[in-house]
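Inside the fold
Given next are the chains, with one letter for each unit.
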Amino acid sequence: MSSQTPSPGPVPASSGGERRKPRVAVVFGGRSSEHAISVVTAGAVLRAIDREKYDVLPIGITADGRWALTADEPERMAIAGRELPSVERLAESGEGAVVLPVDPGNREVVYSEPGSVPKALGDVDVVFPMLHGPYGEDGTLQGLLELSGVPYVGAGVLASAVGMDKEYMKRVFVSFGLPVGPYEVIRPRAWEQDPSAARRRIVEFAEEHGWPLFVKPARAGSSIGISKVEDAADLDAAVEEARRHDPKVIVEALLRGREIECGVLEYEDGPRASVPAEIPPVSSHDFYDFEAKYIDSADGIVPAPLTEEQTRRVQELAVAAFEAASCEGLVRADFFLLDSSEFVINEINTMPGFTPISMYPRMWQESGVSYPELVDRLLQAALRRSTGLR
């Protein structure tokens, strides 16, 4: 796939009227269990942003929700051995807070510390929200930015919420005629008030679709909190592990086949799909879990060894999933290619990982879009869009 340099977005003016570079706030970290991966992702993006084209303001959100001013030092944001980074280690102060005014007529970011006069950090023209999981990828941050009138990279409020909640994601896909696998949802009240009845539902689901099952937090990512359950004896522990990350749990049947991923990127004329990739089985892991993705670095195959017809089909489904959920900017769509040669959508990620080993940038690299160009395209697409209804 060939690529062209994206047309520039609107160039803002300073208070004196002269043209200046667009200012990008890279927001990362957050309150979810994917905090560390968000930091790693943001570090990679900070390295890739063209500093001759954009001014950059890194803003980290601590695990307890404080917006912190951080140094622009992406080398400190990588995984070191098996040690994960955090915003707390990067923050310039343990008490200072960054505030984004909830006022569409004012994009000036302010930094304040207890006992000090607030300091204006200047206007922000676009936000690159590198947050994964709840309180960032699920529409909450997107809603704040809509209220503030600040353009941002990626999906809007609805698409972000749908993309985070595996239950409603599947419901949307089914309503558009897209193929999904069998699943069962255990809502918080069901497990808290009558765990025996909830357990029976899962066992009946297994009797219909077979063991093993996958028990997952319904609204989490990076394969955190997922258990592969071989029989009913391990069910309670798996549900409780999922509920440590989300009180709503989704149970999915095992689908036998190959794991295929495909990237979608918003161009000026609409979304386009990348070449697909394949995630091969990881011998040291039961499935493609957190450590396989980020610590042990499972080697994805790019492009996936598929026939031309299979490649065309998965690209069509990836774009269809993007459109069905009303996505913007980017999506990574994950599939199973079943032994029957049919594709089934597992999930979409509206803000997929951008770490050096992440599949989304690797697929676009193979499709002719370099990492820096990919970042630039996403920023330009965001600058072209308005906030509000569109």
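Treat the numbers as computed from the prediction; the structure is a model and nothing was measured. (Residues numbered from 1 in each chain as written. Predicted model: local features only at pLDDT ≥ 70, side-chain atom pairs only at ≥ 80, totals over all residues. Heavy atoms only, no water.)

1. Examining the packing of helix α7 (residues 195-209) against helix α8 (residues 235-243)
Where α7 meets α8, the closest approach of the two axes is 11 Å, and the angle between their N-to-C directions is 110°. By the angle class used here, α7 and α8 are roughly perpendicular. When α7 is examined against α8, the residues R199, I202 and V203 are found in contact with a partner set consisting of L235, D236 and V239. Looking at side-chain class alone, the contact of α7 with α8 contains 4 nonpolar, no polar and 2 charged residues. (Axes fitted to C-alpha atoms, helices over the stretch in contact; angles between N-to-C directions. Helix = DSSP H or I, 4+ residues; strand = E, 2+ residues; numbered from the N terminus. Parallel < 35°, antiparallel > 145°, perpendicular 65-115°, else oblique. Contact = heavy atoms within 4.5 Å. Nonpolar A, V, L, I, M, F, W, Y, C, P; charged D, E, K, R; others polar.)

2. Let's talk about the sheet that holds strand β1 (residues 23-29)
Within the open sheet, the 4 strands sit side by side as β3-β2-β1-β7. Their pairing is mixed. Each end of this open sheet is capped by a strand with a single partner; those strands are β3 (67-69) and β7 (126-129). Neighbour-to-neighbour, the strand axes of the sheet open up by a mean angle of 30°, direction not taken into account. (Pairing = 2+ DSSP bridges.)

3. Regarding the pattern of salt bridges
All told, the structure shown has 32 salt bridges when counted by the stated rule. Across the salt bridge formed by K53 and D376, the nearest N and O atoms sit 3.0 Å from each other. Here K53, found in the loop between α1 (35-48) and β2 (55-61), pairs with D376, found in helix α12 (residues 371-384); they are 323 residues apart in sequence, far enough to count as distant. As a salt-bridge pair, R201 and E184 come within 2.5 Å of each other at their nearest N and O atoms. Taken together, the residues span a long stretch of sequence, with R201 in helix α7 and E184 in strand β8 (residues 183-186) at a distance of 17 residues. Overall, the relative accessible area of 31% leaves R201 in the partly exposed class. According to the relative accessible area criterion, E184 is partly exposed, its value standing at 21%. (Salt bridge = Lys/Arg side-chain N within 4 Å of Asp/Glu carboxyl O. Buried < 20%, exposed > 50% of the residue type's maximum accessible area, 1.4 Å probe, protein only.)

4. Some points on the pairing of β2
Of all 7 residues that make up β2, 6 are buried, and the element is covered over most of its length. For the crossover from β1 across α1 to β2, the handedness is right-handed. Strand direction decides the pairing type here: β2 and β3, joined by 3 bridges, are antiparallel. Residue pairing in the sheet places G60 in a bridge with A68 of β3. From the end of β2 to the start of β3, which pair antiparallel, there are 5 residues, and G65 there has a positive phi angle of about 100°. (Right-handed = clockwise from strand over helix to strand, strands pointing away.)

5. Things to note about α7
With 15 residues, α7 ought to run about 21 Å at 1.5 Å a step, and its terminal C-alpha atoms sit 21 Å apart, in line with that. Among all positions of α7, only A198, I202, F205 and A206 are buried. The buried residues of α7 occupy an angular sector of 100° when the element is viewed end-on, so they sit on one face. α7 presents E207 and E208 as exposed residues on the side facing more than 90 degrees away from its buried surface. Here the buried face of α7 lies against β8, α6 (188-193), β9 (213-217), α8 and β11 (249-253). Directly beyond the C-terminal end of α7, a positive phi value near 95° is found at G210. (Expected span 1.5 Å × (residues − 1). Arc of directions from axis to C-beta.)

6. Looking at the sheet that holds strand β4 (residues 97-99)
With respect to topology, 3 strands assemble into an open sheet ordered β4-β5-β6, the strand pairing being antiparallel. Edge positions in the sheet fall to β4 and β6 (119-123), since each of these pairs with one other strand and no more. Ignoring which end each strand starts from, the neighbouring axes of this sheet average 25° apart. Bridging between strand β5 (residues 108-112) and β6 involves 4 bridges; their strand directions are antiparallel.

7. Some points on the pairing of β5
The two faces of β5 differ: V109 and Y111 on one face are buried, but E108, V110 and S112 on the other face are not. Two strands pair when backbone bridges link them, and β4 and β5 are joined in this way by 3 bridges, in the antiparallel orientation. Bridging across to β5, A97 finds its partner in S112. Hairpin connection, β5 to β6: the antiparallel pair is bridged by 6 residues, and G115 has positive phi, about 80°.

8. Points about the confidence of the model for the protein chain
Of the residues in the protein chain, 91% reach a pLDDT of 70 or more, and the chain-wide mean stands at 90. Under a pLDDT of 50 for its full length, residues 1-9 has, in the predicted model, 25 contacts with residues more than four places off or in other chains. Confidence over residues 293-297 falls short of pLDDT 50; this stretch has 20 contacts with residues more than four positions distant or in other chains. (pLDDT = per-residue confidence, 0-100.)

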